[in-house]
Amino acid sequence: MILTVTLNTALDLTYRLDRLRPQADNRVREAAARAGGKGVNVSRVLHALGHETVVTGLAGGPSGDAVRADLAAAGLTDALVPIAGETRRTVAVVEDHLGDSTILLEPGPVVTGAEWSAFLGRYDRLLPRARAVVLSGSLPGGLPDDAYAVLIRLAHGHGVPAVLDASGDALHAGVEAAPAIVKPNAAELRAASGTADPRAGAAALRAAGARAVVASLGPDGLIAVTPQGSWRARPPRALAGNPTGAGDAAVAGLALGLVSHTPWPLRLTRAVALSAAAVAAPLAGDFDPAVHRRLLQEVTAEPLTEASTAAPPAAVQPDSAQAPTAREGESRCH
């Protein structure tokens, strides 16, 4: 079982239209609401691939009830801890003519000390069944900056490797707890390491404690700096669609590679294929199976050299293995 942790769960609302016109009425062509947050998206991808996964985190209020109802409808195992505060909502406005989206993020609830303690107890009881834990997204109010570091160390106590996808202070503190994999995008890596050189930035996070660092580099795909070596894998072409959640699909692929001990080059090609296939799907947490199957045959990985981390030639979709440029700070780390 792969355990996913979403401390700041969300009820994700997705509105599709041809073009967003600011300061004007906009007619939505299609609307959807579903359980969200980065870890939930990871679990959706794992479940679709036929792997056992459990969703844990915090949820409360009517929005939290809607999240839990949707998890049940999707067949996902719900181990969320109830809180008094209201689970936030996020709104993704997808513009089909651009193949891009605008994201509106509510701040989320304030978690009490007693609620955090209750979650730690639930998490500790889930860990013995887990083969890996994925810790994803922003932290709600009331939690300490080292919340992920605490969870990583608890996982170590059970011999469970952790994958961390966070930003800012939560990323800094989490890296020091030695997660098995850290997955920043280019902006997060630059902010965390203080360098625009992705390979040097990944090496800096490894020196700070991360055992392996996988970073999204726009059309240059993913790079990995690991104890076994360094590689890059990239999609053969850009795909139009909804990029929200594509980075989470990449994390799902990395978690599967971790538990199966897949060699890093193959692990990266699978993560890139999943991420790009997620761009082709309409909602976060989904991926296009046909695109995924095709890209598994087309994506390649190569050893990383200085030249291979040069600036990419063109812009493509954000928050995926194809391009992270739109996700500064919390703008996609939800």
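This text follows the structure it describes.
Residues numbered from 1 in each chain as written. Predicted model: local features only at pLDDT ≥ 70, side-chain atom pairs only at ≥ 80, totals over all residues. Heavy atoms only, no water.

Participant: Where do I start with the packing of helix α6 (residues 186-193) against helix α7 (residues 198-208) in this structure?
Facilitator: Orientation of α6 relative to α7, taken along the N-to-C sense of each, is 60 degrees, at an axis distance of 9 Å. Classified by the interaxial angle, the pair formed by α6 and α7 is oblique. Crossing geometry of α6 relative to α7 is assigned as left-handed. Facing α6, whose interface residues are Leu189, Ala192 and Ser193, α7 presents Pro198, Gly201, Ala202, Ala204 and Leu205. (Axes fitted to C-alpha atoms, helices over the stretch in contact; angles between N-to-C directions. Helix = DSSP H or I, 4+ residues; strand = E, 2+ residues; numbered from the N terminus. Parallel < 35°, antiparallel > 145°, perpendicular 65-115°, else oblique. Left-handed = near helix turned anticlockwise from the far one by under 90°. Contact = heavy atoms within 4.5 Å.)

Participant: What exactly am I supposed to notice about the nonpolar core here?
Facilitator: Grouped burial of nonpolar side chains is what soluble globular proteins tend to show. Of all hydrophobic cores here, the largest spans 45 residues; its most connected members are Leu3, Leu7, Phe119, Tyr123, Val133, Leu135 and Leu151. For this core, the leading source of residues is helix α4 (residues 147-157), giving six residues. (Core = buried A, V, L, I, M, F, W, Y, C linked by side-chain atoms within 4.5 Å. Buried < 20%, exposed > 50% of the residue type's maximum accessible area, 1.4 Å probe, protein only.)

Participant: Whenever I open this one, the sheet that holds strand β2 (residues 10-17) confuses me. Can you help?
Facilitator: The four strands lie next to each other as β3-β2-β6-β7, forming an open sheet whose pairing is mixed. Here the strands that pair on one side only, and so sit at the sheet edges, are β3 (30-36) and β7 (100-105). On average, adjacent strands in this sheet sit at an angle of 20 degrees to one another, irrespective of strand direction. Alignment of strand β6 (residues 88-95) against β7, held across six bridges, turns out to be antiparallel. Looking across to β7, one finds that valine 94 is bridged to serine 101. With respect to the sheet, helix α2 (residues 61-74) is in contact with β2, β3 and β6, its orientation differing from that of β3 by roughly 90 degrees. (Pairing = 2+ DSSP bridges.)

Participant: In this structure, what is going on with the side chain of threonine 262? I would like to understand it.
Facilitator: Position of threonine 262 among the secondary structure elements: in the loop between α8 (246-260) and α9 (264-279). Sequence-distant contacts of threonine 262, defined by excluding residues within four places in its chain, comprise Gly257, Arg267 and Arg270.

Participant: Where do I start with helix α1 (residues 38-48) in this structure?
Facilitator: Along an α-helix, residues three or four apart share an orientation, since each turn contains 3.6 residues. With nine of 11 residues buried, α1 lies mostly within the body of the structure. Considered for burial, the residues of α1 that qualify are Lys38, Gly39, Val40, Asn41, Val42, Ser43, Arg44, Val45 and Leu46. At the exit of α1 stands glycine 50, carrying a positive phi of roughly 90 degrees.

Participant: Looking at this structure, I do not really get the pattern of salt bridges. What am I missing?
Facilitator: Between side chains of opposite charge, pairing is possible as soon as their charged atoms come close. Counting across every chain of the model gives eight salt bridges. Between aspartate 165 and lysine 38 there is a salt bridge, and its shortest N-O distance comes to 3.3 Å. With a gap of 127 residues between them, aspartate 165 in strand β9 (residues 162-165) and lysine 38 in helix α1 connect regions that are remote in the sequence. On the accessibility criterion, aspartate 165 (1% relative accessible area) is buried. Looking at lysine 38, the relative accessible area reads 0%, which means it is buried. Overlapping salt bridges bring together Lys38, Asp165 and Asp248 as one network. (Salt bridge = Lys/Arg side-chain N within 4 Å of Asp/Glu carboxyl O.)

Participant: Mind showing me how you'd approach unusual backbone geometry here?
Facilitator: Backbone phi values are negative for most residues with the exception of glycine, while trans is the configuration of most peptide bonds. The backbone of glutamine 23 shows a phi angle near 55 degrees, a positive value even though the residue is not glycine. One can find glutamine 23 in the loop between β2 and β3. On the basis of relative accessibility, which here comes to 82%, the residue glutamine 23 falls in the exposed class. The backbone phi angle of alanine 178 is positive, close to 65 degrees, even though this residue is not glycine.

Participant: How should the environment of glycine 75 be read in this particular structure?
Facilitator: As for its position among the elements, glycine 75 is in the loop between α2 and β5 (77-82). The exposure class of glycine 75 is partly exposed, given its relative accessible area of 45%. Separated by 31 residues in the primary sequence, glycine 75 and arginine 44 have C-alpha atoms spaced 9.3 Å apart.

This is a description of form; function is not addressed.
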